[in-house]
Amino acid sequence: MSETMNSITTDRPVSSASESEQTDAPAVLRLDGIRKSFGATQVLKGISFEVRRHEVVALLGPSGSGKSTLMKCVNLLERVDDGQIWLGDTDITDPRADQDKLRARIGVVFQQFNLFPHMSVIKNVTLAARKVHHWSKDRAESRALELLDRIGMRAKAGAYPDQLSGGQQQRVAIARALMTDPELLLLDEITSALDPMLVGEVLTMVAELKSQGTTILMATHEMSFAHDAADRVVLLRGGVIAENGTPREVMDESQDPQTKEFFSHFRH
């Protein structure tokens with residue numbers, strides 16, 4: 001990496017929760033019987049699981065298993081047909097829910113960086129906080145510079161996206177997602193659009209967020225990283241949960257033939 005990343009922190013206290021503490025921790029996200037169809041095609045067929053505070057959950061599965069649709073339902077880009085999604089004690093599937101307030105509580109990073117090319121880094125990072133959440137310019141810029149400093153990007157605050165590498169752009173996108181100190185960070189295949197040489201720096205950043213106690217749900221094809229970084233793995237297959245357990249239980253020890261076949265194509 002061309003720049004040194006400092007320790008990444010959020011505003012909430014650092015926590016190094018043990019497995020038993022995570023089990024006792026409150027659920028930040030709870031999915032209960034989520035169903036979603038597109039026309040006659042049922043993509044999600046009753047998905048239920050929880051993500052607890054300070055937990056990193058990896059959402060895995062082959063193409064067409066429903067990962068992307070599930071992530072879109074959680075980040076409010078798709079409306080569920082049935083079931084409920086709870087963020088803390090708020091039912092985010094309730095059409096009466098205030099979506100602007102909910103989006104302040106969920107940070108989202110996509111595989112495409114989605115940075116505005118005509119805006120500088122700091123303007124990209126502060127845009128939603130100022131325009132959607134009505135932060136003052138001073139408050140937004142102060143928070144943005146703090147985050148950019150912690151990811152080794154403060155010197156690039158005035159740069160434009162086309163002056164950055166793909167890895168740098170994705171780090172900026174993560175900083176943008178952390179602006180409002182979200183309760184939950186959604187990472188949707190964030191390394192898929194990167195040159196393989198740049199994947200490592202983004203995964204290092206995610207590992208540092210994990211070490212700081214950030215609650216993360218990530219859909220990923222980076223099996224080695226999921227094995228090492230996730231507290232729990234949820235494996236989707238054909239719109240249902242095929243496995244839900246620790247990386248060791250699901251990726252190493254499962255006796256299900258289809259699960260064993262899926263992971264046999266990856267090394268971790």
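Per an unreviewed UniProt entry, the protein is named ABC transporter, ATP-binding protein, and its organism is Bifidobacterium lemurum. What UniProt records for the protein under Subcellular location (unreviewed entry) is the sentence "Cell membrane". Per UniProt, the protein carries the Sequence similarities (unreviewed entry) text "Belongs to the ABC transporter superfamily."

**Details of the overall build of the protein**
Helices and strands together make up the secondary structure of the protein, namely ten helices and ten strands. Since a compact globule built from 268 residues should have a radius of gyration of about 18 Å, the 18 Å found for the protein is in line with a globular shape. In terms of its C-alpha atoms, the protein occupies a principal-axis envelope of roughly 50 × 45 × 40 Å. Pairs at least 24 apart in sequence give 69% of the contacts found in the protein among residues at least 6 apart. By element, 46% of the accessible surface of the protein is carried by carbon and sulfur atoms, the whole surface being about 12600 Å². Of note, the protein has its 31 positive side-chain charges centred 5 Å away from the centre of its 37 negative side-chain charges.

**Some words on a positive patch on the surface**
A grouping of Lys 123, Arg 130, Lys 131 and Lys 137 is seen on the molecular surface, where their side chains present a positively charged patch. Looking at which element gives the most residues to the positive patch, the answer is helix H4 (residues 121-131), with three residues. You can see Lys 137 is positioned in helix H5 (residues 137-150).

**Brief notes about helix H2 (residues 67-74)**
With six of eight residues buried, H2 is to be regarded as a mostly interior element. Taken as a whole, H2 has its buried residues at Lys 67, Thr 69, Leu 70, Met 71, Cys 73 and Val 74. With its phi angle positive at about 70°, Leu 76 sits one or two positions after the end of H2.

**Remarks on the side chain of Arg 171**
You can see Arg 171 is positioned in helix H6 (residues 166-177). For Arg 171, the side chain forms a polar contact with the side chain of Glu 201, separated by 2.7 Å.

Each value, and the rule that gives it
Residues numbered from 1 in each chain as written. Predicted model: local features only at pLDDT ≥ 70, side-chain atom pairs only at ≥ 80, totals over all residues. Heavy atoms only, no water. UniProt positions renumbered as here; feature names shortened; annotations may be inferred. Helix = DSSP H or I, 4+ residues; strand = E, 2+ residues; numbered from the N terminus. Rg over C-alpha atoms; globule rule 2.2 N^0.38 Å. Contact = heavy atoms within 4.5 Å. Areas by Shrake-Rupley, 256 points an atom, 1.4 Å probe, with all protein chains shown as cover. Lys, Arg positive; Asp, Glu negative; His and termini not counted. Charge placed at Lys NZ, Arg CZ, Asp CG, Glu CD. Patch = residues over 30% accessible without salt bridge, like charges linked within 9 Å, V, L, I, M, F, W, Y side chains within 5 Å. Salt bridge = Lys/Arg side-chain N within 4 Å of Asp/Glu carboxyl O. Buried < 20%, exposed > 50% of the residue type's maximum accessible area, 1.4 Å probe, protein only. Polar contact = N/O pair within 3.5 Å; in protein donor to acceptor, adjacent residues only side chain to side chain.

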